[in-house]
Structures are given as structure tokens and as C-alpha cells.
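Residues per chain are reported as follows:
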Amino acid sequence: MSSKLSTFICQNCGSETSQYFGRCLNCNSWNSIVEEIKSKRSNYQEIKNSKKSISFNEISSKKISRFTSGFMEFDRVLGGGIVPGSVVLLGGEPGIGKSTIVLQSAGKISLNEKVLYITAEESLEQVKIRWERLNQNSIDLKIFAETNLSLIIEEIKRLNPNFAIIDSIQAIHNHEMQSAPGSVSQVRACSSELQNLAKENNIALLIIGHVTKDGALAGPKTLEHLVDTVINFEGDNISSHRLLRSIKNRFGSTFEIGIFEMLDEGLREIKNPSSIFTNKENISGVTTTITNEGTRPLAVDIQALVNKTFYSNPRRTTTGISINRLHQILAVIEKHVGIKLSEFDCYIATGGGFEINDPSSDLGVAISILSSLKNIPPLTSCTFIGELGLSGQVRKSNNLRTKIEEAVRLGIKNIVVPKLEEELNNNFQNLINIKEISNIKEAVDYS
Ligand code: TYD
Ligand code: MG
């Protein structure tokens with residue numbers, strides 16, 4: 001009888017099977033399957049007739065109300081602020097600054113709302129040391145140091161806050177389950193109980209989860225479909241810049257980014273981010289492009305280093321853009337500009353290692369490569385925007401208007417773009433020198 005209520009979950013990839021296997025059928029890892037006992041579902045007879053389907057005009061439309069996180073950059077990523085009753089998953093590598101940003105935010109929110117910060121990883125004294133370092137002045141923020149899910153739920157019910165934070169989901173456990181804290185089963189079970197509690201009581205809940213780049217900690221990944229919003233906190237240990245990036249958002253647009261700097265007294269938001277990814281010097285191998293991250297345009301430098309190779313296979317590496325894109329751009333240059341690159345190594349790095357997903361950065365990459373190859377700086381104060389098609393044409397770019405506006409705002413004098421609609425060209429005529437091109441050859445001749 002009990003076997004009917006059991007399911008077997010791989011702790012590595014989260015896949016589910018109905019029986020035990022020594023090796024996961026999905027990810028092939030050994031001894032990673034753990035039995036999970038499902039709680040008994042309510043009887044069909046009991047829930048019958050409790051709800052009926054309705055049509056849209058019977059549903060009252062409600063404007064989403066939000067409260068601020070205390071950081072404009074954080075609010076932007078959330079789609080305008082925190083939505084009561086919503087569940088946000090904040091993921092990121094250990095040590096990146098998740099507890100720091102959340103504690104700063106909790107301090108600011110608690111000036112207006114009832115906030116409960118649940119620390120399952122650090123003691124009250126450790127949190128206090130961090131708190132003092134962050135120079136916060138709220139006296140109403142409530143802290144609760146606990147790892148047991150039942151006690152956490154009891155405290156949330158008792159206090160009934162507007163905003164609750166779990167730091168982190170991997171450190172708490174449901175004592176009715178045998179698996180260890182941080183295992184996929186525990187992470188899923190604890191999250192769904194907390195989520196139900198949050199929805200029933202209209203509490204905004206922020207769950208912190210450690211996620212590594214190689215996905216070695218699978219737990220939080222398996223929660224992504226469950227929560228309303230998934231935000232990643234990114235950065236590296238060398239630079240002090242940190243990026244908040246929304247991956248999923250039921251209440252706003254995705255791929256929105258917020259940029260911060262980690263200082264001794266915590267995180268500071270950067271309101272003019274284009275300045276940190278560009279270096280206005282005019283040197284060979286460097287161009288500036290403007291990409292779109294969510295709703296915001298962002299200027300980023302693209303650096304190329306092209307050297308004669310000593311290897312039988314030339315080396316190609318990238319930081320910030322995908323290696324496949326680089327291979328494609330090199331092939332387009334060979335074919336449509338007529339320059340042979342098979343004897344050259346080619347290294348590409350974006351300013352600050354910023355990850356660019358917008359294909360309109362292709363043109364900037366191509367011009368940087370050619371500039372480094374010839375050892376001649378590109379045109380002074382010029383930015384390049386356009387996606388390269390395989391036949392050498394420069395394709396239209398999304399949100400070109402906001403990109404040109406950003407170039408104007410930054411005081412850039414020249415901009416190379418795909419063919420514009422007349423109205424757009426007229427709008428900017430006196431503000432910036434716009435060069436419209438239709439293929440890579442024209443861009444190379446101009447640069
Ligand atoms: P933390 O928020 O503990 O990371 P996470 O919760 O994601 O594991 O951040 C830890 C790092 O941040 C640590 O290396 C110290 C640094 N830090 C600062 O540089 N300034 C600060 O004010 C604070 C609180 C931390
Ligand atoms: Mg932490």
C-alpha cells in the first residue's frame with residue numbers, strides 16, 4: 001500500500017521514477033535515487049463540488065499592487081516591485097552576495113512593512129555582525145534563526161509578515177522526511193509547503209537557493225517551475241560588480257537586469273551601468289556595441305585580440321559571447337570580406353566579461369576582429385549595431401530606437417546601424433551621425 005504513495009527522485013537531476021534504480025536513467029549518476037513518500041491526497045468525494053469553472057467576465061480585474069524592495073535596480077528586475085503573495089526564487093553561487101542584498105533590502109522594506117528574515121545558515125550573532133556592517137537603521141526587522149520547517153511555518157503564521165525571506169532553502173529541513181537538508185526531495189517539499197503558506201496568507205516570500213554554474217546543486221533548479229519569479233545573482237570573485245537577472249517573471253518582463261557593486265558596506269546600485277562596461281579610449285581591437293537587456297539598453301565594449309597562430313588548429317576563445325557565434329562571425333568575414341583567418345588565433349572578451357545574448361553585437365565583434373588584425377583603431381567615438389546574416393547582410397536589430405537614444409545619451413558621435421525607417425532617421429538627425437549599412441563590407445569600409 002505504501003509503495004503506491006512512494007516516488008523515487010534522483011538527487012542529481014531531479015527526475016522521477018516509480019521504482020528504485022541504482023543508476024539514474026536520465027543523468028546516469030550512481031546511487032542518487034532516493035525514495036520520497038507522497039502525502040495522501042484528499043479524497044475526491046470531499047473536494048467534489050467545492051469549486052466551479054467561471055467565465056472571464058465573472059472574474060473581477062485587480063491591479064497588481066506592489067511594494068518597493070528599497071533598490072530601484074531590484075524593483076526593475078522584479079517588474080516594478082514585490083507583489084504580495086508572490087514567491088521569488090533568488091539563485092546564485094555561494095558567496096556572491098545573496099544574503100547581503102536580501103538583508104539590505106529587508107532592512108529598507110521593514111521601515112514600512114512587517115518583514116521576517118529567516119536565517120537557516122547563520123546564527124543570530126553572525127547576522128548581527130553583517131547587519132552592523134551594512135549600516136541599516138530599521139529597528140522593526142524580525143530575525144529568526146531556525147532550520148526546522150515546522151518551526152519556521154509556526155513563526156510565519158504567528159507573526160504574519162508582509163514579506164518573509166528564507167536564507168537558504170538548502171539549509172532547512174522537513175523532519176518528517178528522511179533525506180538530508182539540501183537534497184532535491186527536501187528542497188521541493190519545503191518549498192511547496194512554504195509556497196502554500198505564502199499564497200494562503202498573501203505573504204510575499206523570497207527563497208534563496210545556492211546554484212552553481214555547472215548545475216551541481218540541482219535542488220533550486222527543480223523549483224523554477226513552481227515559483228512566480230526566478231532571479232539569478234551573478235558576478236565573479238574578481239570584479240566587484242554584481243548582476244541581478246530575471247529568468248522567469250509572472251509579473252514582469254524577463255531578462256531584465258539590475259547592476260550593483262559590492263563594497264565594504266554592502267551592495268550599492270549602479271544607476272548608469274553603461275559607464276562600467278565601456279572604456280572610452282580609442283584603441284585597436286576594441287569597439288562599443290549597445291545591447292538590449294530586458295527593457296534597458298546597455299553599452300558594452302567588445303575586445304578582440306587576433307594573433308598569428310603557433311598551433312595547427314588556431315585558438316578561439318570567448319568571454320561574454322558564445323563561441324559558436326564567434327565561429328560564425330569568422331566564417332562570414334572570410335567569405336564576405338575576403339580575409340583569411342585560418343592562420344590566426346582569435347580571442348574575444350566583452351567589457352567586464354558581461355554576458356551578451358543580443359545578436360546585434362555581431363557587427364561589433366566583426367569590426368573588433370578586423371581592427372585587431374590590421375592593428376588600426378576603429379573610427380573614433382563610434383558604436384556598431386547589427387546582426388550578421390550568413391550571407392554577409394546586416395539584419396535588423398530589436399529596439400533600435402532605444403539603442404540609438406542610449407548612444408546619444410552617452411555622447412557617442414557616430415553610430416553604424418542596419419537600414420532605418422525614415423521616421424527614425426529623421427528623429428536623430430541632429431543628435432548623432434547615423435551610418436546605415438546593409439552588409440558587412442559597407443561597415444568595414446566605413447570603420
Ligand atoms: P554573502 O551575502 O554572504 O553571499 P551568499 O549569501 O550569496 O553566500 O556575501 C559574501 C561575500 O560578500 C563575502 O565574500 C564578503 C562580501 N561582503 C562584502 O564585500 N561587503 C559586505 O558589506 C558584506 C556584508 C559582504
Ligand atoms: Mg548567504
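Conventions adopted
- Residues numbered from 1 in each chain as written.
- Chains lettered and ligands numbered in written order.
- Predicted model: local features only at pLDDT ≥ 70, side-chain atom pairs only at ≥ 80, totals over all residues.
- Helix = DSSP H or I, 4+ residues; strand = E, 2+ residues; numbered from the N terminus.
- Buried ≥ 20, exposed ≤ 12 C-beta atoms within 10 Å, placed from the backbone.
- Contact = placed C-beta atoms within 7 Å.
- Axes fitted to C-alpha atoms, helices over the stretch in contact; angles between N-to-C directions.
- Parallel < 35°, antiparallel > 145°, perpendicular 65-115°, else oblique.
- Nonpolar A, V, L, I, M, F, W, Y, C, P; charged D, E, K, R; others polar.
- Near = placed C-beta within 6 Å.
- Pairing = 2+ DSSP bridges.
- Domains from an automatic or database assignment.
- UniProt positions renumbered as here; feature names shortened; annotations may be inferred.
- Right-handed = clockwise from strand over helix to strand, strands pointing away.
- Left-handed = near helix turned anticlockwise from the far one by under 90°.

Description of the overall build of the chain
Line of reasoning, step 1. Helix and strand counts for the chain stand at 11 helices and 21 strands.
Line of reasoning, step 2. Viewed in the frame of its principal axes, the chain has a C-alpha envelope of about 75 × 55 × 50 Å.
Line of reasoning, step 3. Across the 447 residues of the chain, 41% fall into the buried class.
Line of reasoning, step 4. Residue pairs at least 24 apart in sequence account for 65% of intrachain contacts in the chain once pairs closer than 6 positions are excluded.

Digging into the environment of I37
Line of reasoning, step 1. Looking at where I37 falls in the secondary structure, it is placed in strand β3 (residues 33-37).
Line of reasoning, step 2. I37 sits 163 residues away from E200 along the chain, and the two C-alpha atoms are 24 Å apart.

Quick notes on the packing of helix α5 (residues 149-159) against helix α6 (residues 184-201)
Line of reasoning, step 1. The interhelical angle for the contact between α5 and α6, taken along N-to-C directions, is 10 degrees, at an axis separation of 11 Å. In terms of their interaxial angle, α5 and α6 are classed as roughly parallel. From α5, L149, I153 and I156 reach across to α6, where they touch C190, E193 and L197.
Line of reasoning, step 2. Each residue belonging to the contact of α5 with α6 can be placed in one class, and the counts come to five nonpolar, no polar and one charged.

So, the site of ligand 1
Line of reasoning, step 1. Around ligand 1, the structure places 15 residues, and the nearest of them are G97, K98, S99, T100 and G266.
Line of reasoning, step 2. Every element with two or more residues in the shell around ligand 1 is listed here: α3 (98-109) and α4 (124-133).
Line of reasoning, step 3. The dominant element in the shell around ligand 1, judged by the number of residues it contributes, is α3, at three residues.
Line of reasoning, step 4. Across the shell around ligand 1, the residue classes tally to four nonpolar, six polar and five charged.

Notes on the sheet that holds β3
Line of reasoning, step 1. If you walk across this open sheet you meet the three strands as β2-β1-β3, and the pairing is antiparallel. Lying at the two open borders of the sheet, with one neighbouring strand each, are β2 (16-17) and β3.
Line of reasoning, step 2. Direction of pairing for strand β1 (residues 6-10) relative to β2: antiparallel, over a ladder of two bridges. Paired with F8 across the two strands is T17, which belongs to β2.

A few points about the domain arrangement of the chain
Line of reasoning, step 1. Annotation of the chain at the domain level lists domain 1 (2-40), domain 2 (65-271) and domain 3 (275-446).
Line of reasoning, step 2. For domain 1 versus domain 3, the distance between C-alpha centres works out to 48 Å.

A look at the UniProt feature "binding site: ATP" (unreviewed entry) in the chain
Line of reasoning, step 1. Taken from the UniProt record, the annotation "binding site: ATP" (unreviewed entry) applies to G92, E93, P94, G95, I96, G97, K98 and S99.
Line of reasoning, step 2. When you line up the elements, G92 lands in strand β4 (residues 87-92).
Line of reasoning, step 3. Discounting chain neighbours no more than four positions away, the residues touching G92 are K98, V211, N232, F233 and E234.
Line of reasoning, step 4. Since 10 C-beta atoms lie within 10 Å of it, G95 is described here as exposed.

Some points on the pairing of strand β15 (residues 316-319)
Line of reasoning, step 1. Two strands pair when backbone bridges link them, and β15 and strand β16 (residues 344-350) are joined in this way by four bridges, in the parallel orientation. Across the sheet, R316 pairs through a bridge with C346, a residue of β16.
Line of reasoning, step 2. The handedness of the β15 to β16 crossover, carried by helix α7 (residues 323-336), is left-handed.

Quick word on the UniProt feature "domain: RecA family profile" (unreviewed entry) in the chain
Line of reasoning, step 1. Per the UniProt record, the feature "domain: RecA family profile" (unreviewed entry) sits at residues 63-211.
Line of reasoning, step 2. Annotated as residues 63-211, this span is 39% helix and 18% strand, and its ends, taken at the C-alpha atoms, are 33 Å apart.

With respect to the pairing of strand β21 (residues 433-437)
If a strand is regular, its side chains alternate between the two faces of the sheet.
Line of reasoning, step 1. The pairing of strand β20 (residues 414-418) with β21 spans five bridges and is classified as parallel. In the sheet register, N414 faces β21, and the bridge partner there is N433.
Line of reasoning, step 2. At this point the chain moves from β20, through helix α10 (residues 422-428), to the parallel β21, and the crossover so formed is right-handed.

A look at the sheet that holds strand β8 (residues 204-210)
Line of reasoning, step 1. Overall, mixed pairing links the nine strands, which are arranged β6-β5-β7-β8-β4-β9-β10-β11-β12 in an open sheet. The open sheet has two free edges, formed respectively by β6 (142-145) and β12 (266-269), since each of these has just one partner strand. Sheet twist, expressed as the average angle between the axes of neighbouring strands with direction ignored, equals 25 degrees.
Line of reasoning, step 2. Relative to strand β9 (residues 229-235), β4 runs parallel, the two being bridged by five bridges.

Regarding the packing of α7 against helix α8 (residues 362-374)
Line of reasoning, step 1. The N-to-C vectors of α7 and α8 enclose an angle of 65 degrees; their axes lie 10 Å apart at closest approach. In the packing of α7 onto α8, the handedness of the crossing is right-handed. Here R325, L326, I329 and I333 of α7 lie close against α8, whose contacting residues are D362, V365, A366, I369 and L370.
Line of reasoning, step 2. Among the residues forming the contact of α7 with α8, the class breakdown is seven nonpolar, no polar and two charged.

A closer look at unusual backbone geometry
Line of reasoning, step 1. In this structure, S168 follows D167 across a cis peptide bond, with omega equal to 0 degrees.
Line of reasoning, step 2. Within the secondary structure, S168 sits in the loop between β7 (163-167) and α6.
Line of reasoning, step 3. Look at N135: it is not a glycine, yet its phi comes out positive at around 55 degrees.
Line of reasoning, step 4. Tracing the backbone through its elements, the reader meets N135 in the loop between α4 and β6.
Line of reasoning, step 5. Non-glycine residue S381 carries a positive phi angle of around 45 degrees.
Line of reasoning, step 6. Along the chain, S381 falls in the loop between α8 and β17 (382-384).

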